[in-house]
Amino acid sequence: MWADLGPIGRDAETGGYRRYAWTGADADCRTWFQEQAESRGLAYETDRNGNQWAWLGDPAAGDAVVTGSHLDSVPDGGAFDGPLGVVSSFAALDELRARGVEFTRPLALTNFGDEEGARFGLACVGSRLTAGQLTKEQAYELRDGDGVRLPQAMEAAGYDPSAIGPDPERLARIGAFVELHVEQGRALDLSGDEVGIASAIWPHGRWRFDFRGEANHAGTTRLVDRRDPMLSYAETVLAARREAELAGAVATFGKISVEPNGVNAIPSLVRGWLDSRAADQDTLDTVVTAVEKAAREYADRHGVDLAVVRESFTPVIEFEHALRDELGAILRGRTGREVPVLGTGAGHDAGILSASVPTAMVFVRNPTGVSHSPAEHAAEDDCVAGVRALADVLEGLACR
């Protein structure tokens, strides 16, 4: 499975993946998922929001155990973030069938659409729509860098955008959702454990900073006469790093758009996106407030206008303690060892769904901690350990 999925959407020069929502690479990933489902005799369907489902047992019976993740990527992302969870879900089902277990609850495997938000700027679109955390009207306003709106992209890919929206009936069928994911950090590597369980997702969000100045000639405009928004932006990037260090949080300007974007032109607009995350809400608020304050001071100094827009936000998410503890007990019973419980600064579909259904996460060791990069990696032995752990969990939940 890994070999078949590996080449899809991979850039030959960078070695990274560019699997963006509703593109050709995304379509190829979706075809792969459908083929994997049908080859195992599972009932395949795509829901109103473009999420893919593969069912073992009656979907309408309720109290289903669901596992899976996503197949899309960030720009030049790694092979494991998302796909490891989807591949492992199929492999775990294969393992359970080899064990000859008898399922007493319906089981579903899923691929949630547009988790990374690389194309339209909002993460977890598929799960947000399903959970009612993103309205149809809001989704229709999302557009990519070329100005293509989400419904146009869905339509071009052969899906009906008029049907998108909350799906409470589907969520009501789910008794538990477990997402396996490569760890995006080195906690397991440092502890020497192959797998861990998630405790919570840090509060996090994305803010757009629009610095508007005055376009002019780079060679003839005196420095003192310039209203250069790039200066304010550059100083704000440094301020974000400084404030995050002081607070023990993280803050990143990882995306930028410049107009008119000419080598010999002073910009008229510099638009930068801030991603910030912290262990608690107060710390996150402190960082973002301080960054915006500094940005406004820099903008005033350079005669630049500034607008700040919060594009997305997710508060701290505590995974359901009862399900988390049940996973720990299942894995402890299999291995005789306590499984570490980890917090994470990364968002996931499991976090979005946690407001609607009991959710949990299993992490697989990442020896370098690198993620959202072509260098992202997990050893095959650890991936196999993750599959076995997921199979143990699914057996404990769905085969009682």
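Refer to the structure above for everything that follows.
Because the structure is a prediction, the values reported are computed rather than measured.

Undergrad: Quick one: what's the story with the packing of aromatic side chains, residue by residue and with numbers?
TA: Per the counting criterion, the structure on display carries 12 aromatic pairs. Both rings, one in F33 and one in Y44, keep their centres 6.4 Å apart while their planes meet at 55 degrees; by these two values the pair is tilted. Of this pair, F33 sits in helix 2 (residues 24–39) while Y44 sits in strand 1 (residues 43–46), and the two are 11 residues apart along the sequence. What makes F33 buried here is its relative accessible area of 0%. Over the ring of W273 we find K255, and its NZ or CZ is 4.5 Å from the ring centre.

Undergrad: Talk me through helix 11 (residues 321–335); I want residue IDs and the actual numbers.
TA: Between its terminal C-alpha atoms helix 11 stretches 21 Å, which fits the 21 Å expected from 15 residues at 1.5 Å a residue. Turning to helix 11, its buried residues are L323, R324, L327, G328, I330 and L331. Buried residues of helix 11, seen end-on, are gathered within an arc of 160 degrees and therefore sit on one face of the element. Exposed residues pointing more than 90 degrees away from the buried face of helix 11 are listed as A322 and G333. Where the residues of helix 11 are buried, they touch strand 5 (174–182), strand 6 (195–201), strand 13 (317–318), strand 14 (341–344), strand 15 (359–364) and helix 13 (380–398). Phi turns positive, to about 80 degrees, at G336, one or two residues after helix 11.

Undergrad: Explain empty space enclosed by the protein to me, using residue names and the numbers behind them.
TA: Counted by the stated rule, this structure contains four cavities of 30 Å³ or more. If you go around the largest cavity, the residues you meet are W22, N49, G113, D114, V125, G126, L129, L150, M154 and I164. Those elements that provide at least two residues to the lining of the largest cavity are helix 4 (125–131) and helix 6 (150–156). Looking at the lining of the largest cavity, the element that brings in the most residues is helix 4, giving three residues. In terms of residue class, the lining of the largest cavity is built from six nonpolar, three polar and one charged. By volume, the second largest cavity is sized at about 40 Å³. What lines the second largest cavity is W2, L5, G6, Y17, R19, A79 and P83. When its residues are assigned to classes, the lining of the second largest cavity shows five nonpolar, one polar and one charged.

Undergrad: Describe the sheet that holds strand 7 (residues 204–212), with residues and values.
TA: Overall, antiparallel pairing links the four strands, which are arranged 9-11-7-12 in an open sheet. The sheet terminates laterally at strand 9 (250–259) and strand 12 (305–314), the two strands that pair on one side only. Mean inter-strand twist for the sheet, computed between neighbouring axes without regard to direction, equals 15 degrees. Across nine bridges, strand 7 lies against strand 12 in antiparallel orientation. The residue bridging D210 from the neighbouring strand is A307, located in strand 12.

Parameters at a glance
- Residues numbered from 1 in each chain as written.
- Predicted model: local features only at pLDDT ≥ 70, side-chain atom pairs only at ≥ 80, totals over all residues.
- Heavy atoms only, no water.
- Phe/Tyr/Trp six-rings, centres within 6.5 Å; stacked < 30°, edge-to-face > 60°.
- Helix = DSSP H or I, 4+ residues; strand = E, 2+ residues; numbered from the N terminus.
- Buried < 20%, exposed > 50% of the residue type's maximum accessible area, 1.4 Å probe, protein only.
- Lys NZ or Arg CZ within 6 Å of the ring centre and 35° of its normal.
- Expected span 1.5 Å × (residues − 1).
- Arc of directions from axis to C-beta.
- Contact = heavy atoms within 4.5 Å.
- 1 Å grid on protein atoms, 1.4 Å probe; cavity = no way out; pocket = protein on both sides within 12 Å on 5 of 7 lines; lining within 4 Å.
- Points joined across faces, edges and corners; volume = space filled by probe spheres on them.
- Nonpolar A, V, L, I, M, F, W, Y, C, P; charged D, E, K, R; others polar.
- Pairing = 2+ DSSP bridges.
- Axes fitted to C-alpha atoms, helices over the stretch in contact; angles between N-to-C directions.

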